[in-house]
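Descriptive analysis of the structure
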Amino acid sequence: MAPELDTYLFPLVSDGACPAGTFELDFASGRMSWTDGLYENHGFKRGQIVPNFSLLLAHLHPDDRGLLHKLLM
């Protein structure tokens, strides 16, 4: 993801400014990493699951799934 787009979509990522948690998605490999806050928000602890896009979508409110899917796909 281009730095400009990354900054636009995720402006609160730095310095723990988003306590609900954030994620990074490598589009080329499909690998995703979550912050501890995002694991906790979804009811997991780091190491319990391998974060992925499908799991993230499954835990979102149905009204939010389409928007995130459009933004990232």
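The numbers attached to residues start from 1 for each chain and follow its sequence in the written order. Where local features are concerned, this predicted model is filtered to residues with pLDDT of at least 70; where side-chain atom pairs are given and counted, the filter is 80 or more; whole-chain, interface and lining totals use all residues. Processing note: side-chain calculations cover all non-hydrogen atoms of the structure and skip hydrogens and water entirely.

**Quick word on the overall build of the chain**
Runs of H or I in DSSP of at least four residues are treated as helices and runs of E of at least two as strands, each being numbered from the N terminus. Looking only at helices and strands, the chain features four helices and two strands. Secondary structure elements of the chain, listed N to C terminal, follow the sequence α-β-β-α-α-α. The contact criterion used is simple: two residues touch if any of their non-hydrogen atoms lie within 4.5 Å. By sequence separation, contacts in the chain at least 24 residues apart represent 13% of the contacts at least 6 residues apart.

**Quick look at the environment of leucine 38**
With respect to the element layout, leucine 38 can be found in helix α2 (residues 36-41). The buried label applies to any residue whose accessible area, calculated with a 1.4 Å probe on protein chains only, is under 20% of its type's maximum; exposed applies above 50%, and partly exposed to all values in between. Using a relative accessible area of 7% as the deciding quantity, one classes leucine 38 as buried. Sequence separation of leucine 38 and alanine 20 is 18 residues, and the distance between their C-alpha atoms is 5.9 Å. What leucine 38 contacts, discounting residues up to four positions off in sequence, is Ala20, Gly21, Thr22, Phe23 and Leu56.

**Describing the nonpolar core**
Residue types Ala, Val, Leu, Ile, Met, Phe, Trp, Tyr and Cys, when buried and joined through side-chain atoms within 4.5 Å, form a set referred to as a nonpolar core. Core analysis: the biggest nonpolar cluster contains 11 residues, these being Phe23, Met32, Trp34, Leu38, Tyr39, Phe44, Phe53, Leu55, Leu56, Leu57 and Leu68. At the level of elements, β2 (32-34), α2 and α3 (53-59) are the ones that each hand at least two residues to this core.

**Some remarks on the confidence of the model for the chain**
Atomic detail in the predicted coordinates should be set aside for any region of low pLDDT. As a per-residue measure, pLDDT tells how confident the predictor is, with possible values from 0 to 100. Predicted confidence across the chain gives a mean pLDDT of 74, with 71% of residues reaching 70 or more. Between the elements of the chain, mean pLDDT differs from a low of 46, seen in helix α1 (residues 3-9), to a high of 89, seen in β2. Ignoring residues within four places in sequence, the model shows residues 1-15, a span with pLDDT below 50, making 10 contacts including any to other chains.

**Considerations on the pattern of salt bridges**
The salt bridge criterion pairs a side-chain nitrogen of Lys or Arg with a carboxyl oxygen of Asp or Glu, the two atoms within 4 Å. Under the definition given, this model contains one salt bridge. When the shortest N-O distance is used, the salt bridge between aspartate 36 and arginine 46 registers 2.7 Å. Taken together, the positions of aspartate 36 in helix α2 and arginine 46 in the loop between α2 and α3 put the pair 10 residues apart, joining distant regions of the chain. Classification of aspartate 36 by relative accessible area gives partly exposed; the value is 43%.

**Examining the environment of leucine 55**
Relative to the helices and strands, leucine 55 is located in helix α3. C-alpha of leucine 55 to C-alpha of histidine 42: the two residues are 13 residues apart in sequence and 9.5 Å apart in space.

**With respect to the side chain of histidine 42**
Secondary-structure assignment places histidine 42 in the loop between α2 and α3. Accessibility expressed as a relative area gives 12% for histidine 42, which makes it buried. When residues no more than four places from it in sequence are discounted, the contact partners of histidine 42 are Trp34, Leu56 and His59.

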